[in-house]
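Examination of the molecular architecture
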Amino acid sequence: QVQLVESGGGLAQAGGSLRLSCAASGRTFSRYVMGWFRQAPGKEREFVGSISWSAGITVYADSVKGRFTISRDNAKNTVFLQMNSLKPEDTAVYYCAARVISAYEYSYWGQGTQVTVSS
């Protein structure tokens, strides 16, 4: 059974940094893409970025490009979202998700972790 567990959320000041982790278990993820999404109160869930597990190719939403970095630790089956230069509009619940590299939809989701950025 695939399990994704996020951690590392919390409160940060504008301009500060946080690092989220997503621990993945339940299968070999070499043929998967790991994504980060977020959902702010009253808004739809939006794509933040993704990384292909094997090649390490990353994609970012324009809203976070240059501020957020996604990386992975293959040995620990963990994906990271390093968030720098945080803005109040980054406040949201952040979710880790996984999809097979050939699929469009993400099949597996974590429970989410809250990130709050104060001005």
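Up top is the structure.
What this report covers is the structure whose coordinates are included nearby. Please read all numbers here as calculations on a predicted model, not as lab measurements. (Residues numbered from 1 in each chain as written. Predicted model: local features only at pLDDT ≥ 70, side-chain atom pairs only at ≥ 80, totals over all residues. Heavy atoms only, no water.)

Before going further, it helps to examine the overall build of the protein. Helices and strands together make up the secondary structure of the protein, namely zero helices and 11 strands. Ordered by position from N to C terminus, the α and β elements of the protein give β-β-β-β-β-β-β-β-β-β-β. In summary, the protein has a C-alpha radius of gyration of 13 Å against a globular reference of 14 Å for 119 residues, a match within 12%. Principal-axis analysis of the C-alpha atoms gives the protein an extent of 40 × 25 × 25 Å. (Helix = DSSP H or I, 4+ residues; strand = E, 2+ residues; numbered from the N terminus. Rg over C-alpha atoms; globule rule 2.2 N^0.38 Å.)

In total, this model carries seven aromatic pairs according to the counting rule given. Arranged with centres 6.5 Å apart and planes meeting at 40°, the rings of Y32 and Y108 form a pair that is tilted. In this pair, Y32 is assigned in strand β4 (residues 32-39) and Y108 in strand β10 (residues 108-109), connecting sequence segments 76 residues apart. Here Y108 falls in the partly exposed class, since its relative accessible area comes to 25%. (Phe/Tyr/Trp six-rings, centres within 6.5 Å; stacked < 30°, edge-to-face > 60°. Buried < 20%, exposed > 50% of the residue type's maximum accessible area, 1.4 Å probe, protein only.)

Here R38 lies in strand β4. Measuring from C-alpha to C-alpha, the distance between R38 and Y95 comes to 5.9 Å, with 57 residues separating the pair along the chain. Engagement of the side chain of R38 in a polar contact is seen with the side chain of E46, the distance being 2.6 Å. A distance of 2.9 Å separates the side chain of R38 from the side chain of D90, its partner in a polar contact. (Polar contact = N/O pair within 3.5 Å; in protein donor to acceptor, adjacent residues only side chain to side chain.)

Right, let's get into unusual backbone geometry. Residues other than glycine seldom take positive phi values, yet N77 does so here, at roughly 50°. Residue position: N77 is located in the loop between β7 (68-73) and β8 (78-83). Look at N77 and you get partly exposed, because its relative accessible area is 22%. Phi at S85 is positive, roughly 50°, even though this residue is not glycine. Mapped onto the elements of the fold, S85 is located in the loop between β8 and β9 (92-100). For S85, a relative accessible area of 40% translates into the label partly exposed.

It is worth spelling out the pairing of β4 at this point. β4 sits mainly inside the fold: seven of its eight residues count as buried. Across eight bridges, β4 lies against β9 in antiparallel orientation. Across the sheet, residue F37 finds its bridge partner in β9, namely Y95. Here β4 pairs with strand β5 (residues 46-52) via six bridges, running antiparallel. By the bridge assignment, W36 is partnered in β5 with G49. (Pairing = 2+ DSSP bridges.)

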